Amino acid sequence: MDRAFRWAFIGTGTLAKKVAREITASERHVIATAYSRNREKLCAYCEPYNAYPAISIEDAIDRSDVDAVYINVTNESHYEVCRQALELGKHVLLEKPFTMNASDTEKLQNLAKSRGLYLAEAMWTWFADVPLQVRAFVQSGKLGRIREVYMSYCAYSIGYAPRVSDPLLGGGALLDIGIYPITYAYRLFGFPLSITCNGDIKNGIDYGEHIVLGYDGFDVKMDVSIVDTKGEAMIIEGENGFLANPGYHYGESAVAKTKSGVDIFKGQRSYLKEFDSVADEIRQGKTESSFIPPQATLDCMRILDECRRQMNLVYPFE
Ligand SMILES: NC(=O)c1ccc[n+]([C@@H]2O[C@H](COP(=O)([O-])OP(=O)(O)OC[C@H]3O[C@@H](n4cnc5c(N)ncnc54)[C@H](OP(=O)(O)O)[C@@H]3O)[C@@H](O)[C@H]2O)c1
């Protein structure tokens, strides 16, 4: 067995706590170092994992015993922290939304390429089993010609954390959760022929939006909201039947009913699979992820940019 993969965590907030518990329990991953700005919180985070509480981003990353960096800071800081990690010569797994816009994504991808470094978006859905099975099923043509797709991700999460509602932290529905149905649609059907987005902008962020991605012969309609409790659902209707997946962004089980019978898709919902896959890809010397290829990240950022343009959603630091 390979030795445990050694991570530098930049950001030690809500997500970093969940991820750390899950991946260290496997003993295949070690949090070697971590950094966030509040020293007291950082030290409390590091203590159970015996991780080194670094005094700066550079101090956390620029160490010979760090195999890769996991960046989970708030959205507005993704670009700058990732740029620093790549400049320091480390492989990176960067949380979604990759950056605030496609242009910054392209800059980071070019930097990683020029340095021969691995860089992937931590779009955990696409490391899970069920979405990959759903994708293979849809692309097999068993549903027949696609007629319509509906996806919702509506959850009252505006008060969940300051990062969801604060424009200075790159908050809002589209970048926080709209990215999931958009990436899902892209992974199933590719770049859309048309994009329309009507949003509800308040207090400098989008509370929600209705998005229509147009494809050849069908539309993918999406409702996204951080103030509505409609929930999460995906229905793909084809001429031979349908596929339903309530918790699609978690990679939870899906069912398809077609003329040829019932297919059930099951798998595990976990961050561990994502971290195991990334560690494997880095060990194999890859610089791109086959689970979420750089082109997918960049194209989805372009879709987000277009939605923002149509909603006139501009952040104060832009
Ligand atoms: N993949 C998923 O399932 C998933 C789920 C939730 C969130 N996310 C993404 O993960 C990111 C974090 O979400 P969260 O809920 O964990 O947020 P959070 O609880 O606010 O945590 C953010 C962390 O980043 C640190 N931080 C912020 N800016 C920093 C900077 N410039 N330098 C160093 N540390 C910095 C914060 O600590 P200090 O303020 O003390 O520095 C804090 O530890 C977001 O981008 C979000 O979109 C992904």
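Everything that follows concerns the structure shown earlier in this document.
Here we summarise the structure given alongside this text. As the structure is a computational prediction, the values presented were derived from the model and not from experiment. (Residues numbered from 1 in each chain as written. Predicted model: local features only at pLDDT ≥ 70, side-chain atom pairs only at ≥ 80, totals over all residues. Heavy atoms only, no water.)

Some remarks on the packing of helix H5 (residues 102-115) against helix H10 (residues 294-311)
Then comes step 1: Running from amino to carboxyl end, H5 crosses H10 at an angle of 160°, the nearest separation of the two axes being 8 Å. Put simply, H5 runs roughly antiparallel to H10. In the crossing of H5 with H10, the sense of the turn from one axis to the other is left-handed. Where H5 abuts H10, its residues Ala-102, Thr-105, Glu-106 and Gln-109 lie against Pro-294, Thr-297, Leu-298, Met-301, Arg-302 and Asp-305.
Then comes step 2: Among the residues making up the contact of H5 with H10, the classes are represented as four nonpolar, three polar and three charged. (Axes fitted to C-alpha atoms, helices over the stretch in contact; angles between N-to-C directions. Helix = DSSP H or I, 4+ residues; strand = E, 2+ residues; numbered from the N terminus. Parallel < 35°, antiparallel > 145°, perpendicular 65-115°, else oblique. Left-handed = near helix turned anticlockwise from the far one by under 90°. Contact = heavy atoms within 4.5 Å. Nonpolar A, V, L, I, M, F, W, Y, C, P; charged D, E, K, R; others polar.)

A few points about the environment of Ser-277
Then comes step 1: Position of Ser-277 relative to the elements: it lies in helix H9 (residues 271-283).
Then comes step 2: Counting along the chain gives 13 residues from Ser-277 to Ser-290, while the straight-line C-alpha distance between them is 9.5 Å.
Then comes step 3: Residues in contact with Ser-277, not counting those within four places in the same chain, are Phe-127 and Phe-291.

Quick word on the sheet that holds strand E11 (residues 231-238)
Then comes step 1: The eight strands lie next to each other as E8-E9-E10-E7-E11-E12-E13-E14, forming an open sheet whose pairing is mixed. Edge positions in the sheet fall to strand E8 (194-202) and strand E14 (261-265), since each has one partner strand and no second. Mean inter-strand twist for the sheet, computed between neighbouring axes without regard to direction, equals 10°.
Then comes step 2: Sheet topology places strand E7 (residues 146-154) next to strand E10 (residues 218-225); six bridges connect them, and they run parallel. Residue pairing in the sheet places Val-149 in a bridge with Val-220 of E10. (Pairing = 2+ DSSP bridges.)

A word on helix H2 (residues 39-46)
Then comes step 1: Within H2, burial applies to Leu-42, Tyr-45 and Cys-46. Burial along H2 is one-sided: seen end-on, the buried residues are contained in an arc of 95°. Those residues of H2 that are exposed and aimed more than 90 degrees away from the buried face are Glu-40, Lys-41 and Ala-44.
Then comes step 2: Buried residues along H2 sit in contact with strand E1 (5-10), helix H1 (14-25), strand E2 (29-35) and strand E3 (52-53).
Then comes step 3: Here H2 starts with a cap whose side-chain oxygen sits 3.1 Å from the backbone nitrogen of Glu-40, and that cap is Asn-38. (Buried < 20%, exposed > 50% of the residue type's maximum accessible area, 1.4 Å probe, protein only. Arc of directions from axis to C-beta. Polar contact = N/O pair within 3.5 Å; in protein donor to acceptor, adjacent residues only side chain to side chain.)

Here we look at unusual backbone geometry
Then comes step 1: Omega for the bond connecting Lys-96 with Pro-97 falls within 30 degrees of zero, at -15°, which places this linkage in the cis form.
Then comes step 2: On the secondary structure map, Pro-97 appears in the loop between strand E5 (91-95) and H5.
Then comes step 3: With phi around 55°, Asn-50 is a residue other than glycine that occupies positive phi space.
Then comes step 4: Take Asn-50: it is sitting in the loop between H2 and E3.
Then comes step 5: Asn-50 sits in the exposed class, given a relative accessible area of 72%.
Then comes step 6: Backbone geometry at Asn-203 places phi at a positive 50°, although glycine is not the residue there.
Then comes step 7: Positionally, Asn-203 belongs in the loop between E8 and strand E9 (205-215).
Then comes step 8: According to the relative accessible area criterion, Asn-203 is exposed, its value standing at 63%.

Side note on the packing of aromatic side chains
Then comes step 1: In the structure shown here, the tally under the stated rule is 17 aromatic pairs.
Then comes step 2: Arranged with centres 5.9 Å apart and planes meeting at 50°, the rings of Tyr-45 and Tyr-49 form a pair that is tilted.
Then comes step 3: Here Trp-124 and Tyr-271 contribute two aromatic rings whose centre-to-centre distance is 4.3 Å and whose plane-to-plane angle is 15°, an arrangement assigned as stacked. Here Trp-124, found in the loop between strand E6 (119-122) and helix H6 (129-140), pairs with Tyr-271, found in helix H9; they are 147 residues apart in sequence, far enough to count as distant. No difference in accessibility class separates Trp-124 from Tyr-271, as the two residues are buried.
Then comes step 4: Taken together, the aromatic side chains of Phe-5, Trp-7, Phe-9, Tyr-70 and Phe-275 make up a single cluster linked through ring pairs. (Phe/Tyr/Trp six-rings, centres within 6.5 Å; stacked < 30°, edge-to-face > 60°.)

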